[in-house]
Amino acid sequence: MYTIKTLNSIAAAGLARLPAAQFAVDNNADAPAGILVRSAKMHEMPLPDSLLAIGRAGAGVNNIPVDACSEKGIVVFNTPGANAGAVAELTIGGLVLASRNVAPAIRWADALKGQGDAVPGMVEKGKGQFVGPELRGKKLGVVGLGAIGVKVANMALHLGMQVYGYDPYISVEAAWNLSGEVIHCAQLGEILSQCDYITLHLPVNASTKGFLNASALASCKQGVRVLNFARGELVDNEALLAALAAGKVAAYVTDFPCEALLDQPGVTCIPHLGASTPESEENCAVMAADELADYLLNGNITNSVNLPAVTQARAGDKRICVIHKNEPGLIAGITAVTTGAALNIENMVNKSRGNMAYTMLDATGALPADLQAQLEAIPGVIRVRIL
Ligand SMILES: NC(=O)c1ccc[n+]([C@@H]2O[C@H](COP(=O)([O-])OP(=O)(O)OC[C@H]3O[C@@H](n4cnc5c(N)ncnc54)[C@H](O)[C@@H]3O)[C@@H](O)[C@H]2O)c1
């Protein structure tokens, strides 16, 4: 029986993934085997020796002391892509907003309040200022084809758009999920020069900060419409406002308002609603609980931020899971112990990530009572579990 402590309220659908026969959810537990957390700050919290894994229902892990967890052999999981559907849907909404001047038109219509019976006539007379193009047949450039970008690209095809994709680091999984109708661009320039709409779905980091800057905007088509549901820092706001004023950019829809962008002509600011759906929260909770349960019960690691991904179907009598430093001689040390115990290794996998490594063995034979202690005594071994 594994005790799971929740540090925030976790969607019921997630907790339901932890069968009562194997898991006890106790929010006051002092010695939990697993923790489920959303945004609670864990940096000042003690990490009990009982703690084997932390499941973060969400993507960012800056509320978790990941390095300290690694040192203690605690696997930290997150839930990348769990909110991809929500962000992709709002991005599609953003395409319509960008095209049909919906936000300023609504503001204009609201301002007619008090005009009484004249309102319908004023609407018919004034609506012409908000005319905007349809999406069908237009070219959409998707930059970043990960969990969200792939969904946006595939959905936009169904709107009758011609979709161009750019992602020099696309994962095999994303490539499998991407429709073959999406036109592959090897260079960003192909997107910038051809597309009527450009949507950003890449992470912000040192090399992508200011990704859409003055020079990139200068390469764009006249009247391009830009969507940013990824991160505000990807766009150089000053350059973007200048491009809007010059007519180079016709509209900018962003999920990341800041003072400079508010109430600017051509800019639609959405208050970071991309992932704000009940389904998103549920998906995160389900994914975090599944990852935690699979690790506690089977030793499998999926979507960890501090240990490598390792999943293998069970074979043999027992599974031996060893978290250790990524140093020479460790695997030989582990197999020397299993050989000394006359165990037959049915399957073995070893993977590393930075200075951490994980070895998982499925073994057949009678396990000596001190097997765990023998493995723990190997220098560089951090944690051993026998399942
Ligand atoms: N608006 C919101 O509420 C919200 C919610 C979730 C995620 N996001 C943001 O959306 C973005 C994408 O999230 P995701 O879950 O799809 O991430 P992901 O990791 O699945 O995909 C990101 C993709 O960007 C690609 N990429 C990296 N550098 C690139 C570059 N220089 N040029 C082109 N492609 C590049 C990667 O190869 C990867 O395929 C992230 O910035 C994330 O922070 C926003």
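Reading the values: rules and limits
- Residues numbered from 1 in each chain as written.
- Predicted model: local features only at pLDDT ≥ 70, side-chain atom pairs only at ≥ 80, totals over all residues.
- Heavy atoms only, no water.
- Helix = DSSP H or I, 4+ residues; strand = E, 2+ residues; numbered from the N terminus.
- Buried < 20%, exposed > 50% of the residue type's maximum accessible area, 1.4 Å probe, protein only.
- Contact = heavy atoms within 4.5 Å.
- Areas by Shrake-Rupley, 256 points an atom, 1.4 Å probe, with all protein chains shown as cover.
- Lys, Arg positive; Asp, Glu negative; His and termini not counted.
- Charge placed at Lys NZ, Arg CZ, Asp CG, Glu CD.
- Near = heavy atom within 4 Å.
- Polar contact = N/O pair within 3.5 Å; in protein donor to acceptor, adjacent residues only side chain to side chain.
- Pairing = 2+ DSSP bridges.
- Axes fitted to C-alpha atoms, helices over the stretch in contact; angles between N-to-C directions.
- Parallel < 35°, antiparallel > 145°, perpendicular 65-115°, else oblique.
- Left-handed = near helix turned anticlockwise from the far one by under 90°.
- Salt bridge = Lys/Arg side-chain N within 4 Å of Asp/Glu carboxyl O.
- Arc of directions from axis to C-beta.
- Domains from an automatic or database assignment.
- Buried area = accessible area lost by both parts, 1.4 Å probe.
- Nonpolar A, V, L, I, M, F, W, Y, C, P; charged D, E, K, R; others polar.

Trainee: For the overall build of the chain, give the residues involved together with the corresponding values.
Mentor: Across its full length, the chain carries 13 helices and 16 strands. The C-alpha extent of the chain, read off along each of the three principal axes, is 85 × 45 × 35 Å. Burial status across the chain gives 46% buried among its 387 residues. Long-range contacts, defined here as pairs at least 24 residues apart, represent 63% of the contacts in the chain between residues at least 6 apart. A total of about 18,300 Å² of accessible surface is found on the chain, and carbon and sulfur atoms cover 53% of it. Of note, the chain has its 28 positive side-chain charges centred 5 Å away from the centre of its 34 negative side-chain charges.

Trainee: Break down the site of the ligand for me, citing the residues and quoting the values.
Mentor: Lining the immediate environment of the ligand, one finds 24 residues, of which A147, I148, D167, L202 and D255 sit closest. One of the backbone nitrogen or oxygen atoms of A147 is found 2.9 Å away from an oxygen atom of the ligand. One of the side-chain nitrogen or oxygen atoms of H272 is found 3.0 Å away from an oxygen atom of the ligand. Protein chains shield 80% of the accessible area of the ligand, which is 860 Å² for the free molecule.

Trainee: Can you explain the sheet that holds strand β15 (residues 356-364)? Please cite residues and give values.
Mentor: Taking strand neighbours across the sheet as the criterion, the four strands line up as β14-β15-β13-β16 in an open arrangement whose pairing is antiparallel. Looking at the sheet topology across the chains shown, the edges are occupied by β14 (344-353) and β16 (381-386). Neighbour to neighbour, the strand axes of the sheet diverge by 15 degrees on average, direction disregarded. Across nine bridges, β14 lies against β15 in antiparallel orientation. Bridge pairing links I345 to A363 in β15.

Trainee: So what's going on with the sheet that holds strand β1 (residues 2-6)? Residues and values would help.
Mentor: Think of a sheet as strands paired side by side through backbone hydrogen bonds, with each pair either parallel or antiparallel. Overall, parallel pairing links the five strands, which are arranged β2-β1-β3-β4-β5 in an open sheet. The open sheet terminates on both sides in strands that have one partner only, identified here as β2 (23-25) and β5 (75-77). Neighbour-to-neighbour, the strand axes of the sheet open up by a mean angle of 20 degrees, direction not taken into account. The pairing of strand β4 (residues 53-56) with β5 spans three bridges and is parallel. Note that in β5 the partner of I54 across the bridge is V76. Against the sheet, helix α11 (residues 278-298) engages β1, β2, β3 (34-37), β4 and β5, with an angle of about 165 degrees to β4.

Trainee: Which residues make up the packing of helix α3 (residues 84-100) against helix α6 (residues 147-158), and what are the values?
Mentor: At their nearest, the axes of α3 and α6 sit 8 Å apart, and the two run at 45 degrees to each other. By the angle between their axes, α3 is oblique relative to α6. Of the two possible hands of crossing, α3 and α6 adopt the one that is right-handed. Taking contact as the criterion, the partners of A84, G85, V87, A88, E89, T91 and I92 in α3 are, on α6, A147, I148, K151, V152, M155 and A156.

Trainee: I'd like to hear about the environment of V123, residue by residue, with values.
Mentor: The topology assignment puts V123 in helix α5 (residues 119-126). Linking V123 and W108, residues 15 residues apart in sequence, is a C-alpha distance of 9.3 Å. Apart from the residues within four sequence positions on either side, V123 is in contact with W108 and L112.

Trainee: Before we move on, can you summarise the pattern of salt bridges with the specific residues and values?
Mentor: The full count for this structure, using the stated rule, is six salt bridges. In this structure, E281 engages R38 in a salt bridge whose closest nitrogen and oxygen atoms are separated by 3.7 Å. Within this pair, whereas E281 is found in helix α11, its partner R38 is found in the loop between β3 and β4, the two being separated by 243 residues in sequence. Taking relative accessible area as the criterion, E281 reaches 36% and is therefore assigned partly exposed. Of the charged contacts in the structure, one is a salt bridge between K72 and D49, with a shortest N-O distance of 3.0 Å.

Trainee: Go over helix α12 (residues 330-340) with me, naming the residues and quoting the values.
Mentor: Taken together, the buried positions of α12 are L330, G333, I334, V337 and T338. Looking down the long axis of α12, one finds its buried residues gathered within 130 degrees of arc, a one-sided arrangement. In α12, those exposed residues whose orientation departs by more than 90 degrees from the buried face are A332, T339 and G340. On its buried face, α12 is in contact with β13 (318-325), β14, β15, α13 (371-376) and β16. Count one or two residues on from α12 and you reach A342, which has phi positive near 60 degrees.

Trainee: How would you sum up the domain arrangement of the chain? Please name residues and give values.
Mentor: Per the domain assignment, the segments of the chain are domain 1 (1-83 + 278-306), domain 2 (84-269) and domain 3 (308-387). Inter-centroid distance (C-alpha atoms) of domain 1 to domain 3 is 23 Å. Here domain 1 and domain 3 share an interface that buries about 1,400 Å² over both sides, 43% of which is from carbon and sulfur atoms. At the boundary of domain 1 and domain 3, one finds zero salt bridges. Those elements that place two or more of their residues in the side of domain 1 that touches domain 3 are α2 (66-72) and α11. Partitioning the side of domain 1 that touches domain 3 into residue classes produces 10 nonpolar, nine polar and three charged.

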